[in-house]
Amino acid sequence: TTVFVSGASGFIALHVVNDLLNAGYKVIGSARSQEKCDQLLAKFKNHPSLSMVIVPDISDLNAFDDVFKKYGKEIKIVLHTASPFRFDVNDYEKDLLIPALNGTKSILNAIKQYAAQTVERVVITSSMAAQLNTIYMNDKSITVDETSWNDATWEGCQTDPVSAYCASKGFAEKAAWDFLKENKDQVKFKLSTVLPVYVFGPQLFPEPSKKVLNTSSEIINQIVNADKDTELMQMNGGFIDVRDVAKAHLLAFQKDECAGERLSLYGGMFSTQDFLDIINEDFPQLKGKIPVGKPGTGKDVIENSYKINNERTKKLLGFEFINKRDCVDASVQQILETEGKL
Ligand code: NDP
């Protein structure tokens, strides 16, 4: 069975590709340049079941046409993970909203045009960001579940990069479900979406030279590399381990009962202080070097945050998520290893 993975070079996608190869699937991945394709193939030691294609920019509404023109008769499963997740942008429309939305539209249109009868399952990597408008993130009276949607508007979300990113994920996911409604007689595939909260855990291929990690992993990287007097930015939200996110991408298309579902991947809440507490306790070599903050006060921050109910998803997926301490420890362990500090 052949699986197409867009944005294969990403933090999450690399784990997905690895799990697919280990499970015996044939994988066609996309990345933005020849260089990125070659690097990825080399990292997987030119695995015989892995090939790569270039898709330079998902903002282009025809971005995926060539891929599906060429391989459409072979691809049975499509995992669309590519989408910009970065906050260092100025033009919210061009850098976040348009690529997220057009990427989803272009991949689904390419399937419709060139692989309507062959693609059986599509999984789109959405986000918890698609479930809740950022303005409610610290409203403790709110609980989101698999039916919740970010209600931000295209104009209204363009106040800051976090709001624009979150809204971009909502628009993109909504477009996918709308596409399916409008085209249900013209395509064969069943759709599932995967909605992770902040994703942490190890990089599949740690790179010692990489100073800045992907947006979510960078949160832990900043803590590990903070000087003890640094005023860390206080963050809070849900956490999930990348290894569970990858597993869920496979189950999303393997399990019949996941078809038509939004899968909310949430392992629990975290705050910056929780991470500080865990890291200071578990990595004695960092004691005195990184901040301690106010130990034990993380739970107060969490108490004042929105809540998530993902009981439905947990039942559908049927596996236990990696806990906060194991997730954080694995992330930190790897950072220290690559920096030669272990
Ligand atoms: P990465 O930044 O590592 O991966 C994003 C991928 O999308 C990269 O392969 C990137 O390519 C590609 N991409 C971005 N913009 C474009 C574009 N305009 N054209 C073509 N490709 C593009 O982040 P993650 O692995 O964390 O994110 C993967 C998915 O998971 C995204 O859809 C993200 O929204 C979602 N997600 C992530 C969460 C997290 O905490 N990490 C939480 C919830 C959802 P390149 O490397 O060349 O830039």
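Data block above holds the structure.
Source: prediction; values computed, not measured. (Residues numbered from 1 in each chain as written. Predicted model: local features only at pLDDT ≥ 70, side-chain atom pairs only at ≥ 80, totals over all residues. Heavy atoms only, no water.)

Q: Quick question: what am I supposed to make of the sheet that holds strand β8 (residues 198-200) here?
A: In sheet architecture, strand pairing relies on hydrogen bonds along the backbone and comes in two forms, parallel and antiparallel. The strand order across the open sheet formed by three strands is β8-β9-β11, and the pairing between neighbours is mixed. Two strands close off the open sheet at either side, each with one partner strand: β8 and β11 (268-271). Going across the sheet, the axis of each strand differs from the next one's by a mean of 50°, ignoring polarity. Relative to strand β9 (residues 236-241), β8 runs parallel, the two being bridged by three bridges. Pairing of Phe200 across the sheet is with Asp241, part of β9. Against the sheet, helix α11 (residues 324-338) makes contact with β8, β9 and β11, and its axis sits at roughly 80° relative to β9, the strand it touches most. (Pairing = 2+ DSSP bridges. Helix = DSSP H or I, 4+ residues; strand = E, 2+ residues; numbered from the N terminus. Axes fitted to C-alpha atoms, helices over the stretch in contact; angles between N-to-C directions. Contact = heavy atoms within 4.5 Å.)

Q: Explain the nonpolar core to me, please; I cannot follow it from the model alone.
A: Generally speaking, nonpolar side chains in soluble globular proteins are found buried as a group. Of all hydrophobic cores here, the largest spans 52 residues; its most connected members are Val5, Leu20, Leu79, Tyr306 and Leu317. When sequence neighbours within four positions are dropped, the list of residues in contact with Tyr306 reads Met128, Leu132, Tyr136, Met137, Asp139, Lys140, Ile142, Val144, Gly238 and Met269. Of all hydrophobic cores here, the second largest spans 28 residues; its members include Val55, Ile58, Ala63 and Leu180. (Core = buried A, V, L, I, M, F, W, Y, C linked by side-chain atoms within 4.5 Å. Buried < 20%, exposed > 50% of the residue type's maximum accessible area, 1.4 Å probe, protein only.)

Q: Is there a simple way to think about the pattern of salt bridges in this case?
A: Two side chains that carry opposite charge are able to pair once their charged atoms sit near each other. A full pass over the atoms with the stated rule returns 17 salt bridges. With its nearest N and O atoms 2.6 Å apart, the salt bridge here joins Glu74 to Lys26. Of this pair, Glu74 sits in the loop between α3 (65-71) and β4 (75-80) while Lys26 sits in strand β2 (residues 26-31), placing them 48 residues apart in sequence. Note that Asp241 and Arg243 form a salt bridge whose closest N and O atoms lie 2.8 Å from each other. With relative accessibility at 33%, the residue Arg243 sits in the partly exposed group. In this structure, a network of salt bridges that share partners links the residues Lys174, Asp178 and Lys181. (Salt bridge = Lys/Arg side-chain N within 4 Å of Asp/Glu carboxyl O.)

Read these as layout, nothing more, since geometry by itself doesn't imply function.
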